[in-house]
Amino acid sequence: PRKQSSARSGDVVEIGGVRISHADRVMDEASGVTKRELAEYHELVGPLLLPYARKRPIALVRCPQGDAQQCFFQKHKLPGLGDEVKKARIAGNEVIYVESQRGILELVQFNAIEIHGWGATMDAPDKPDWIVIDLDPDTALEFSDVVEAALEVRDNLDRIGLASFVKTTGGKGLHVVVPLEPHAGWDSVKGFAQAIASAMAEQQPDRYVANMSKAKRKGRIFIDYLRNGQGATAVLPYSPRARPGATIAMPVEWKDIRRIDPKEFTVRSAERWLKKRKRDPWAELLTTRQRLPDLD
Ligand code: ATP
Ligand code: MN
Ligand code: MN
C-alpha cells in the first residue's frame, strides 16, 4: 500500500523517510510531473527497481532546474547527496551506488530523474551480470521496426542457448537484456555483444548497422553493443526519463512486445500498468543462471 506523504512546511515533504525539498517543482513541462510525484513513484516501484539498482554503480541524469533542457549526466558523489548513496573506487575511478530504497529517494531529492547502471555490481565489478543490446532506430523508422529487430536478437540468442528479456527505454528504442552469471570479463562480454551485432549487420545490411557512424544509420537500426564496456551504462528498468511525458523504462513480456506503445508507460500511468499486469515480466531474470558460450 502507498503511504501518504506527510506535508511539513511549504513544499517540503517526507517520502519514504527522506526529506524532499521543492516537492512542487515541475520536473517535466509536458506532463507537469513534480519532484513529489517522482518520489512517490519511487516509493511505489522501489521493490521492483531495487533488485536491479542495488550495489550497481550508477550514473544519474540530474535536472536541478526541473527543466529538461538543463539536465546533465553525473557519475560521482557531490556534496548534497545523502548518506545512503555510497561511493567506492573501481580501477582507480570513483563510482556511486545505493543499497536501499532510501538511497534511491535521496537521488530524487538530489533532482535525479534518470538512473543508469553498469552491467556489473559491486560484488564482482570486473564480471558483468548482464548484457544490454541497445537498439537505436533511425528517426525515419517505426517502433514496430525496432520490435522486429528485438525479436530477431532474442531468436539469435535463443539459438545459442541464452535467455533474454526486453524493456522499453522510455525513448525510441528497446533494450534486450541477457542475464549472466558473473563469470566472463568485460572484454569477452563486450566482444560477444559486438559479435551478435556484427553478424546481424552483415546478414541484413539494409536493416542493421553495428557501428557508431551516424551516416550509415539512415533508415536502419544501430545495434548498439557499446553499453557493455566497463564504466558504460544503460538506463535501469523502471527508471523515469527526463523526456517529454515523463516516460519510464518498462520491462515487457516478449509475447506482448508487438502490442505495446512505449509512450504509454509514464511516471503517472505506472501504477495502473503495474496493477494490470498478471506477473513480473522479468521474474526469471534474477534467477537465470547462464554463461556465455565458448566461442573458440
Ligand atoms: P533510446 O531508446 O531513445 O535510445 P536509450 O536509453 O537507449 O534510449 P541512448 O541514447 O541509446 O538512450 O543511450 C544509451 C545509454 O548511453 C544511456 O542509457 C546512458 O546510460 C548512456 N548515456 C546517455 N547519455 C550519456 C552521457 N552524456 N554520458 C555518458 N553516457 C550516456
Ligand atoms: Mn538506445
Ligand atoms: Mn545507444
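The structure under discussion appears in the preceding block.
So, a few notes on the structure that sits alongside this text.

Here is what the cut-offs are and how they apply
- Sequence order as written defines residue numbering, which begins from 1 separately in each chain.
- For naming, the first written chain is A and the first written ligand is 1, with later ones following in the order written.
- Reporting in this predicted model follows two pLDDT cut-offs: at least 70 for local features of residues, and 80 or more for side-chain atom pairs to be given and counted; totals over whole chains, interfaces and linings ignore these cut-offs and use all residues.
- Numbering of helices and strands runs from the N terminus, with a helix taken as a DSSP run of H or I at least four residues long and a strand as a DSSP run of E at least two residues long.
- Under the convention used throughout, the expected extent of a helix is 1.5 Å for every residue step, that is, one less than its residue count.
- Exposure classes come from backbone-placed C-beta atoms, where a residue is buried if 20 or more other C-beta atoms lie within 10 Å of its own, exposed if 12 or fewer do, and partly exposed in between.
- The arc in question is traced by the directions running from the helix axis to the C-beta atoms.
- The contact criterion used is a C-beta to C-beta distance within 7 Å, with each C-beta placed from the backbone.
- Axes, fitted as lines to C-alpha atoms, cover a helix only where it is in contact. Angles between the N-to-C directions of the axes lie from 0 to 180 degrees.
- For this classification, under 35 degrees means roughly parallel, over 145 means roughly antiparallel, 65 to 115 means roughly perpendicular, and everything else is oblique.
- Crossing handedness is read from the near helix: turned anticlockwise from the far helix by less than a right angle, it gives a left-handed crossing, and turned clockwise, a right-handed one.
- The nonpolar class holds Ala, Val, Leu, Ile, Met, Phe, Trp, Tyr, Cys and Pro. Asp, Glu, Lys and Arg form the charged class, and all remaining residues, Gly among them, are polar.

The next thing to look at is helix α3 (residues 143–159). For α3, built from 17 residues, the straight-helix expectation of 24 Å at 1.5 Å per residue is met to within 8% by its first-to-last C-alpha distance of 25 Å. Those residues of α3 that fall on the buried side of the exposure criterion are Val146, Ala149, Ala150, Val153 and Arg154. Across the axial projection of α3, the buried residues extend over an arc of 140°, all falling on one side. Opposite its buried face, α3 presents the exposed residues Ser144, Asp155, Asp158 and Arg159, each directed more than 90 degrees away. Buried-residue contacts for α3 involve β9 (130–137), β10 (165–168), β11 (174–179), α4 (186–203), β12 (208–209) and β13 (221–224). One or two positions beyond α3, positive phi appears at Gly161, with a value near 85°.

Positive phi outside glycine occurs at Lys55, with the angle close to 60°. Take Lys55: it is sitting in the loop between α1 (35–53) and β4 (58–62). Taking the C-beta count within 10 Å as the criterion, Lys55 has 15 such neighbours and is therefore assigned partly exposed.

Next up on the list: the packing of α1 against helix α2 (residues 101–109). Two elements in contact, α1 and α2, have axes whose closest approach is 9 Å; the angle formed by their N-to-C orientations is 140°. Considered as vectors, α1 and α2 are oriented oblique to each other. At the point where α1 passes α2, the crossing takes the right-handed sense. Residues Lys35, Leu38, Ala39, His42, Gly46, Leu49, Leu50 and Ala53 of α1 lie in contact with α2, whose contacting residues are Gln101, Ile104, Leu105 and Val108. Along the lines of polarity and charge, the residues of the contact of α1 with α2 split into eight nonpolar, three polar and one charged.

The analysis is restricted to geometry; functional conclusions fall outside its scope.
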